[in-house]
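Topology and contacts: notes
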Amino acid sequence: MKSFAWSYSALTTYELCPKKYYHLYVAKDIKDLDSSWAADGKFIHDAMKKRVVEKKPLPLQIRNFEKIASSFASVPGEMHGEMQLAINRKFEPVGYFAPDVWCRTIIDLTIVQGNVAIVVDWKTGKVKDEPTQMALCAAVLSRWMPEVTLFKTIFVWLQAGEMTPKRYTTDDFTGVWNNLLPRVTAIEEARKITNFPASPNKLCGWCPVTTCPHFEARS
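As a starting point, this report considers the structure included with it. Just so we're clear, the structure is a prediction, and the values are computed from it rather than from any experiment.

Side note on helix α1 (residues 8–16)
Helical periodicity: at 3.6 residues per turn, an α-helix aligns residues three or four positions apart in one direction. Within α1, the full set of buried residues consists of Tyr-8, Ala-10, Leu-11, Thr-13 and Tyr-14. Lining the buried residues of α1 we find β1 (6–7), α2 (18–26), β4 (103–113), α5 (132–144) and α6 (173–193).

What follows is the structure, encoded as structure tokens:
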């Protein structure tokens, strides 16, 4: 078996449906659907990076996000867009595709101001109160930037024009990892015995695993 690596997306995919996780991340015999919604999300994320980090104008079709984009573009500090960060099992920084990579994250926007880091995730869907993804990003970032002691995470809900901020200090990350590690261990145990049962859920109609007995094509 190849070395095990995970991301927040892989973790939540497993918890939604182990069978879907198996096909996408273990067998890798099926690719996720590149829906119009997903394509729009990629387009928006790329445009926001160019506007905020590179100071390029937003495309006309998403000019309604200019107020939010300009507010972040004017924040002072060291800016990074679409930053890919990874750590190994010793919580040491490693390359994104290093042989011993264990956990991967991508941070849409990072603004470093001395010992403070602003960690931003652009969201194009409905507002949700689930801070774990950003907590993980901050925890991994802390391994790459040990000088940072305060992490201000922000989910930016572009369609709703809202923000969900939360703060973390380095002391908070023990609790973050204590929450995540048992969930990650569950995936590793499933991989050891190849146990990935299908779990019907509200997203079955959008699942790329069309051979699953629970798949129902949308009309």
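Moving on from the model shown.
Remarks on the packing of α1 against α6
In contact at an axis separation of 10 Å, α1 and α6 are set at 65° when each is read in the N-to-C sense. For the element pair α1 / α6, the angle class is roughly perpendicular. Helix-helix and strand crossings are classified by hand; for α1 and α6 the assignment is left-handed. Only Leu-180, Arg-183, Val-184, Ala-186, Ile-187 and Ala-190 of α6 make contact with α1, whose side of the interface consists of Ala-10, Leu-11, Tyr-14 and Glu-15. Tallied by class, the residues present in the contact of α1 with α6 amount to eight nonpolar, no polar and two charged.

Re the pattern of salt bridges
When the charged atoms of two side chains with opposite charge come close together, those side chains can pair. All told, the structure shown has eight salt bridges when counted by the stated rule. One salt bridge in this structure joins Asp-46 and Lys-50, with 3.2 Å as the shortest N-O distance. Here Lys-50 and Asp-46 lie together in helix α3 (residues 36–52), a separation of four residues that amounts to about one turn. On the basis of relative accessible area, Lys-50 is assigned to the partly exposed category, the value being 34%. Here Glu-66 makes a salt bridge to Arg-63, at a shortest N to O gap of 3.9 Å. A relative accessible area of 19% means that Glu-66 is categorised as buried. Overlapping salt bridges bring together Arg-51, Arg-63 and Glu-66 as one network.

Reading the values: rules and limits
Residues numbered from 1 in each chain as written. Predicted model: local features only at pLDDT ≥ 70, side-chain atom pairs only at ≥ 80, totals over all residues. Heavy atoms only, no water. Buried < 20%, exposed > 50% of the residue type's maximum accessible area, 1.4 Å probe, protein only. Helix = DSSP H or I, 4+ residues; strand = E, 2+ residues; numbered from the N terminus. Contact = heavy atoms within 4.5 Å. Axes fitted to C-alpha atoms, helices over the stretch in contact; angles between N-to-C directions. Parallel < 35°, antiparallel > 145°, perpendicular 65-115°, else oblique. Left-handed = near helix turned anticlockwise from the far one by under 90°. Nonpolar A, V, L, I, M, F, W, Y, C, P; charged D, E, K, R; others polar. Salt bridge = Lys/Arg side-chain N within 4 Å of Asp/Glu carboxyl O.

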